[in-house]
Amino acid sequence: MALLPILSFPDPRLRTVAKPVEEVTDEIRQLASDMLETMYEAPGIGLAASQVDRHIQLIVMDLSEEKDQPMVFINPKITPLTDETQAYEEGCLSVPQIYDKVNRPSRVKIEALNLDGEAFEIEADGLLAVCIQHEMDHLSGKLFVDYLSPLKRQRAREKVEKLTRQKEKVALKR
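Everything numeric in this text was worked out from a predicted model, so none of it was measured.

A.B. asks: Give a description of the pattern of salt bridges that names residues and reports values.
C.D. replies: If you walk through the whole model with that rule in mind, you get 12 salt bridges. Close ionic contact of Arg104 with Asp137 constitutes a salt bridge, the shortest N to O distance being 3.0 Å. On the criterion of sequence distance, the pair formed by Arg104 in strand 5 (residues 95-105) and Asp137 in helix 2 (residues 126-139) is long-range, its members being 33 residues apart. Using a relative accessible area of 4% as the deciding quantity, one classes Arg104 as buried. Close ionic contact of Lys109 with Glu111 constitutes a salt bridge, the shortest N to O distance being 4.0 Å. When its relative accessible area of 21% is taken as the criterion, Lys109 is described as partly exposed. Judged by its relative accessible area of 32%, Glu111 falls in the partly exposed class. What emerges from the salt-bridge pattern is a single network uniting Asp11, Arg13 and Asp53.

A.B. asks: I'd like a description of the side chain of Asp100, backed by residues and values.
C.D. replies: As for its position among the elements, Asp100 is in strand 5. Here the side chain of Asp100 touches Lys152 through a polar contact of 3.1 Å, side chain to side chain. Excluding anything up to four places from it in sequence, Asp100 contacts Tyr88, Glu89, Glu90, Phe144, Leu148 and Lys152.

A.B. asks: Run through the nonpolar core, naming residues and quoting values.
C.D. replies: Within the largest apolar cluster, 16 residues are counted, with the highest numbers of intra-cluster contacts made by Met35, Ile56, Leu58, Val60, Val72 and Ile74. Ranked by residues supplied to this core, first place goes to helix 1 (residues 26-41) with 6 residues. Once residues within four sequence positions are removed from consideration, Met35 is found in contact with Leu4, Leu47, Ala48, Ala49, Val52, Leu58 and Val60. Counting 15 residues, the second-largest nonpolar core is a separate cluster that includes Phe73, Ala124, Met136 and Leu139.

A.B. asks: Break down a positive patch on the surface for me, citing the residues and quoting the values.
C.D. replies: Taken together, the side chains of Lys162, Arg165, Lys169 and Lys173 define a basic patch exposed on the protein surface. Among the secondary structure elements, Lys169 is positioned in helix 3 (residues 150-173). Residue Lys169 is classed as exposed on the basis of its relative accessible area, which comes to 56%.

About the cut-offs
Residues numbered from 1 in each chain as written. Predicted model: local features only at pLDDT ≥ 70, side-chain atom pairs only at ≥ 80, totals over all residues. Heavy atoms only, no water. Salt bridge = Lys/Arg side-chain N within 4 Å of Asp/Glu carboxyl O. Helix = DSSP H or I, 4+ residues; strand = E, 2+ residues; numbered from the N terminus. Buried < 20%, exposed > 50% of the residue type's maximum accessible area, 1.4 Å probe, protein only. Polar contact = N/O pair within 3.5 Å; in protein donor to acceptor, adjacent residues only side chain to side chain. Contact = heavy atoms within 4.5 Å. Core = buried A, V, L, I, M, F, W, Y, C linked by side-chain atoms within 4.5 Å. Patch = residues over 30% accessible without salt bridge, like charges linked within 9 Å, V, L, I, M, F, W, Y side chains within 5 Å. Areas by Shrake-Rupley, 256 points an atom, 1.4 Å probe, with all protein chains shown as cover. Lys, Arg positive; Asp, Glu negative; His and termini not counted. Charge placed at Lys NZ, Arg CZ, Asp CG, Glu CD.

Structure representation (structure tokens):
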């Protein structure tokens, strides 16, 4: 297992549209494992392959308090099951220390492949529905800050760029 570098907003690679996984191979399973390790270390509850500069349709998540219920979604597709939306405060490992409310459908159906290449589907609401939609946006080259006003998006960009510069200075001193 290996920790992977997470791209930070406004890196243009985050805007790349992910391609479908053609076959679930050992390489894909290893990437999913590495992504889970990276997500737990960050710490976060979801991570899309696009965030680690692998532009394939692969998402990992774990919403459990104990971090012992990993979920993997390969080539996921989402269908809203209601017109009702909910506002949920979101954050993102690619947009560190920025949080804001985003409105999304409150109930969705998710169809995907698992690590064995088998199709499955689940219905989700609450945090699971929000998280899967947030990660799906990454696969389309979209970030949660895209839902914010231009002013809030610009402030987020400036804050993340400042944090990145600070991290680089610390890394150079080592």
